[in-house]
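These are the residues of each chain, in order.
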Amino acid sequence: TMSEVEETINRIRTHKGVTGIVIVNSEGVPIRSTFESKQTLQYSALISQLATKARSVIRDLDPQNDLTFLRIRSKKHEIMVAPDREYILIVIQDPNADSA
């Protein structure tokens, strides 16, 4: 339900270093976001493409397997992607929040 989604978002937002959350549907269309429109669209399009690619790589390596979680770490951000059948949860955080 939508209230469960809101609860989850609010819970994740309170975690240290979390800078944003985007939830996209299976077509990669953003259904909920804590970002401005431009960033929301960028993350939605790019990360859903990457998740789709990652899932197909996992399946190509082993057809019995599936992608459950994807974590990307760069100098500035850590992007965590949790794909589901209906939607993809994308959480962006600052990995240096602890040391700041």
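Everything that follows concerns the structure shown earlier in this document.
Notes on the structure follow. Positions within a chain are numbered from 1, following the residues in the order the chain's sequence is written. Confidence filtering applies because this is a predicted model: local features only for residues at pLDDT of at least 70, side-chain atom pairs given and counted only at 80 or more, and all residues used for totals across whole chains, interfaces and linings. To get the side-chain values, take all heavy atoms of the structure and skip hydrogens and water.

## What about the overall build of the protein chain?
Step number 1: In this description a helix means any DSSP run of H or I spanning at least four residues, a strand means any run of E spanning at least two, and both kinds are numbered starting from the N terminus. When helices and strands are tallied, the protein chain shows 2 helices and 5 strands.
Step number 2: Counting from the amino terminus, the protein chain carries its helices and strands in the arrangement α-β-β-α-β-β-β.
Step number 3: With the C-alpha coordinates of the protein chain rotated into their principal frame, the extents come out at 40 × 35 × 25 Å.
Step number 4: Counting every position in the protein chain, which comprises 100 residues, the buried fraction comes to 33%.
Step number 5: Carbon and sulfur atoms provide 51% of the accessible area of the protein chain, an area that totals close to 6,900 Å².
Step number 6: Across the protein chain, 13 positive and 13 negative side-chain charges occur, with their mean positions spaced 7 Å apart. Three exposure classes are used, based on accessible area relative to the maximum for each residue type with a 1.4 Å probe and protein chains only: buried under 20%, partly exposed in between, and exposed over 50%. Here the accessible surface of atoms and residues is derived via Shrake-Rupley with a 1.4 Å probe, and residues count as covered only by protein chains that are part of the display. Positive: Lys, Arg. Negative: Asp, Glu. His and the chain ends are not part of the count. Here the site of a charge means NZ on Lys, CZ on Arg, CG on Asp, or CD on Glu.

## Observations concerning the sheet that holds strand E4 (residues 78–83)
Step number 1: For two strands to be treated as a pair, DSSP must find at least two bridges joining them. Spatial strand order, E2-E1-E5-E4-E3: 5 strands in an open sheet with antiparallel pairing. In the strand order of this sheet, the two ends are held by strand E2 (30–33) and strand E3 (70–73), each with one partner. Going across the sheet, the axis of each strand differs from the next one's by a mean of 15 degrees, ignoring polarity.
Step number 2: Looking at chain direction, strand E1 (residues 18–25) and strand E5 (residues 87–93) are connected through 7 bridges and run antiparallel. In the sheet register, Gly20 faces E5, and the bridge partner there is Ile92. Throughout, an axis means a line fitted to C-alpha atoms (over the contacting stretch in the case of helices), and angles, computed between N-to-C directions, take values from 0 to 180 degrees.

## Details of helix H2 (residues 37–61)
Step number 1: Here H2 spans 36 Å end to end across 25 residues, near enough to the 36 Å set by a 1.5 Å rise per residue.
Step number 2: Within H2, burial applies to Thr40, Tyr43, Ser44, Ile47, Ser48, Ala51 and Ala54.
Step number 3: Throughout, a residue-residue contact means that at least one pair of heavy atoms, one from each residue, lies within 4.5 Å. At its buried positions, H2 is contacted by E1, E2, E3, E4 and E5. Expected helix span is computed as 1.5 Å times (number of residues minus one).

## Focus: the nonpolar core
Across soluble globular proteins, nonpolar side chains have a tendency to be buried as a group.
Step number 1: We call a set of buried residues a nonpolar core when its members are Ala, Val, Leu, Ile, Met, Phe, Trp, Tyr or Cys and they connect through side-chain atoms within 4.5 Å of each other. One finds Tyr43, Ile79, Val81 and Ile90 to be the most contacted residues of the largest nonpolar core, which totals 14 residues.
Step number 2: Among the secondary structure elements, those contributing two or more residues to this core are E1, H2, E4 and E5.
Step number 3: In terms of residues, this core owes the most to one element, H2, which gives 4 residues.
Step number 4: Val18, Met80, Leu89 and Val91 belong to the second largest nonpolar core, which has 8 residues in total.

## Some details on the layout of surface pockets
Any empty space left between atoms is shown by rolling a water-sized probe over those atoms.
Step number 1: There is about 190 Å³ of room inside the largest pocket.
Step number 2: Broken down by element, the residue count for the lining of the largest pocket peaks at 4 residues, all from H2.
Step number 3: Approximately 160 Å³ is the volume found for the second largest pocket.
Step number 4: If one sorts the elements of the lining of the second largest pocket by residue count, helix H1 (residues 2–13) sits on top with 6 residues.
Step number 5: Residues are grouped as follows: Ala, Val, Leu, Ile, Met, Phe, Trp, Tyr, Cys and Pro are nonpolar; Asp, Glu, Lys and Arg are charged; all remaining types, including Gly, are polar. Residues of the lining of the second largest pocket, tallied by class, amount to 8 nonpolar, 1 polar and 1 charged. Residues are called lining when one of their atoms sits within 4 Å of a cavity or pocket point, these points coming from a 1 Å grid over the protein atoms alone, where a cavity is a set in which a 1.4 Å probe fits but cannot get out and a pocket is an open set with protein on both sides within 12 Å along at least five of seven lines. Grid points are joined across faces, edges and corners, and a volume is the space filled by probe spheres set on the points.

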